[in-house]
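In case you want the letters, here they are:
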Amino acid sequence: MALFGGIEAGGTKFVCAIGAGPDDLRAEHRFPTTTPEETLDQAIAFFQEQQVQQGEYLAALGVAAFGPLDPNPRSPTFGYITTTPKPGWANTDFVGAIRAAFDVPVGFDTDVNGAALGEHRWGAAQGLDTFIYLTIGTGIGGGGMVEGHLIHGLVHPEMGHIRMPRDPERDPFAGVCPYHGDCLEGLAAGPALEKRWGQRAEMLPSDHPAWSLEAHYLGVALVDFILTLSPQRIIMGGGVMQQPHLFPLVRQEVLALLNGYVRSPAILEHIDTYVVPPLLGARAGVLGSIALAQEALKSV
Ligand code: ADP
Ligand code: ZN
């Protein structure tokens, strides 16, 4: 079987891996995200070393990255991290740096589209053609497929920044998004929870009022996505969703807010299998980047 490399490029850490799927992950290397030069050099060094160790050249590489980024192969800035507020990373030619070291096809997409592709191939979205994958972590991002194709469009979806109705009596917190204040990410990502409640999300007890408010915002967002994209399933990952009690609360909010309008048994009778965690768990991202590599090889 061909050798594939994947990079899950996060704003705080990079995970590089070699393999061909969940049962064939041969090596993995994690390191913190620092400057683009240092971080990309470290990734390249890992894959060069792996080619020697495995005694085989890479067939393709996949990158699932934080953004905003340019995933359009026909664009002059394809493969760039574009306008990110992350210091030092704006206008970074990610794919160019990889291609300068390896003469192989390189797949490049958002972290969430990568995870969506991984879940489609090996996880909770197998057999579906329209679904979304959300991460609720340091930020909130969404990706997925419509009719079997990863969603791109003008740039790529930014589902984390949809505007939210906020009742200042229930929630006086103005939000932390530098662009919008109280958008979904500004109100409901991990840093918003920490700032609003004065302790990290993982420290908040399960009966804390934080969680019903969190479920409310996530429920509003899910309903908007259900109504616009009609996904067959919604997968929710990321650090904040590590709280298992959050899933039932979000599902209840979705049912209450939809109020019976979308008459599908998948929602009305099987909400437990409609809003789900990633089947690949914390490996969705890195396996997704390997799936992007496999797609890149197919499309040459
Ligand atoms: P990233 O988004 O940087 O890739 P994560 O998905 O782990 O990383 O998200 C980190 C955020 O999730 C932090 O704000 C952290 O407080 C929160 N978080 C991490 N673990 C948990 C947990 N078990 N329960 C609730 N929140 C968590
Ligand atoms: Zn925002």
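Residues numbered from 1 in each chain as written. Chains lettered and ligands numbered in written order. Predicted model: local features only at pLDDT ≥ 70, side-chain atom pairs only at ≥ 80, totals over all residues. Heavy atoms only, no water.

J.: What is the right way to look at the domain arrangement of the protein chain in this model?
T.: The parts lose accessible area when they come together, and the size of an interface is often stated as this lost area. Annotation of the protein chain at the domain level lists domain 1 (4–110 + 282–298) and domain 2 (124–277). Centre-to-centre separation of domain 1 and domain 2, based on C-alpha positions: 27 Å. Each partner contributes to the interface: domain 1 provides 7 residues, whereas domain 2 provides 6 residues. When domain 1 packs against domain 2, the two sides together hide about 560 Å² of surface, and 61% of this comes from carbon and sulfur. Of all residues in domain 1, P71, D109 and T110 bury the most surface against domain 2, accounting for 48% of the area lost on that side. (Domains from an automatic or database assignment. Contact = heavy atoms within 4.5 Å. Buried area = accessible area lost by both parts, 1.4 Å probe.)

J.: What am I meant to see in the site of ligand 1 here?
T.: Neighbouring ligand 1 are 13 residues, the closest being T138, G190, E202, G239 and Q243. Interatomic distance of 2.6 Å between a side-chain N/O atom of T138 and an oxygen atom of ligand 1. Between ligand 1 and the protein, one listed contact pairs an oxygen atom with a side-chain N or O atom of E202 at 2.6 Å. Burial of ligand 1 by the surrounding chains reaches 70%, relative to a free accessible area of 570 Å². Classifying every residue of the shell around ligand 1 by side-chain character gives 3 nonpolar, 8 polar and 2 charged. (Near = heavy atom within 4 Å. Polar contact = N/O pair within 3.5 Å; in protein donor to acceptor, adjacent residues only side chain to side chain. Areas by Shrake-Rupley, 256 points an atom, 1.4 Å probe, with all protein chains shown as cover. Nonpolar A, V, L, I, M, F, W, Y, C, P; charged D, E, K, R; others polar.)

J.: How do you make sense of the packing of aromatic side chains when you look at a structure like this?
T.: Working definition: an aromatic ring pair is given by the centre-to-centre distance plus the angle between the planes. Within the structure shown, the criterion is met by 8 aromatic pairs. Their ring planes at 65 degrees and their centres at 5.1 Å tell us that F46 and F47 sit as a pair that is edge-to-face. What makes F46 buried here is its relative accessible area of 6%. Geometrically, the ring pair formed by F94 and F108 is tilted, given 6.0 Å between the ring centres and 50 degrees between the ring planes. (Phe/Tyr/Trp six-rings, centres within 6.5 Å; stacked < 30°, edge-to-face > 60°. Buried < 20%, exposed > 50% of the residue type's maximum accessible area, 1.4 Å probe, protein only.)

J.: Would you explain the pairing of strand β7 (residues 106–110) in this entry?
T.: Where a strand is regular, its side chains alternate between the two sheet faces. β7 sits mainly inside the fold: 5 of its 5 residues count as buried. As paired strands, strand β4 (residues 60–65) and β7 are joined by 5 bridges and run parallel to one another. Opposite A64, over in β7, you have D109 as the bridge partner. (Helix = DSSP H or I, 4+ residues; strand = E, 2+ residues; numbered from the N terminus. Pairing = 2+ DSSP bridges.)

J.: Honestly, the nonpolar core in this entry has me stumped. Any pointers?
T.: General note: in soluble globular proteins, nonpolar side chains tend to be found buried as a group. Ranked by internal contacts, the top residues of the largest apolar core, which has 41 residues, are L134, L218, M236 and V250. Counting only elements with at least two residues in this core, the list comes to β8 (131–136), α4 (184–188), α5 (190–197), α6 (210–229), β11 (234–237), α7 (246–258) and α9 (271–274). Sort the elements by how many residues they give to this core and α6 lands first, with 12 residues. Apart from residues lying up to four places away in sequence, L218 is in contact with I136, L184, A188, M236, M241, L246 and V250. (Core = buried A, V, L, I, M, F, W, Y, C linked by side-chain atoms within 4.5 Å.)

J.: Got a minute to help me understand the coordination of the zinc ion (ligand 2) in this structure?
T.: A metal bound by six donors in octahedral fashion has ideal angles of 90 or 180 degrees, whereas one bound by four tetrahedral donors has an ideal angle of 109.5 degrees. The coordination sphere of the zinc ion (ligand 2) contains the protein donors H161 (ND1), C177 (SG), H180 (ND1) and C183 (SG), at a distance range of 2.1 to 2.3 Å. Classification of the site at the zinc ion (ligand 2) as tetrahedral follows from its 4 donor atoms and the range of 104 to 117 degrees in their angles at the metal. All donors of the zinc ion (ligand 2) come from a single chain, and their spacing in sequence reads H-x15-C-x2-H-x2-C. (Donors = N, O, S within 2.8 Å, 3.2 Å for Na, K, Ca; no water. Tetrahedral: all angles 85-135°; square planar, octahedral: opposite > 155°, others 65-115°.)

J.: Even after reading the chapter, I still don't get the sheet that holds strand β1 (residues 4–9), so can you show me in this structure?
T.: Strand-to-strand pairing in sheets goes through backbone hydrogen bonds, with the strands running parallel or antiparallel. With respect to topology, 5 strands assemble into an open sheet ordered β3-β2-β1-β4-β7, the strand pairing being mixed. One side of each edge strand has no neighbouring strand; the edge strands of this open sheet are β3 (24–32) and β7. Between one strand axis and the next, the sheet turns through 15 degrees on average, direction left out of account. Examined bridge by bridge, β1 and strand β2 (residues 13–21) share 6 bridges and lie antiparallel to one another. Considered in β2, the bridge of G6 is made with A17. (Axes fitted to C-alpha atoms, helices over the stretch in contact; angles between N-to-C directions.)

J.: Sorry, what's going on with the sheet that holds strand β10 (residues 149–150) here?
T.: One open sheet accounts for 5 strands, arranged β10-β9-β8-β11-β12; its pairing is mixed. Edge positions in the sheet fall to β10 and β12 (275–276), since each of these pairs with one other strand and no more. Summarising the sheet, β8 and β11 pair through 4 bridges and their orientation is parallel. If you follow L134 over to β11, its bridge partner there is M236.

J.: Would you mind going over the side chain of N113 with me for this structure?
T.: Its location among the elements puts N113 in helix α3 (residues 111–122). At 3.1 Å, the side chain of N113 forms a polar contact with the side chain of D109. A distance of 2.9 Å separates a polar side-chain atom of N113 from the backbone oxygen of I151. Excluding residues within four positions of it along the chain, N113 makes contact with G143, G144, L150, I151 and H152.

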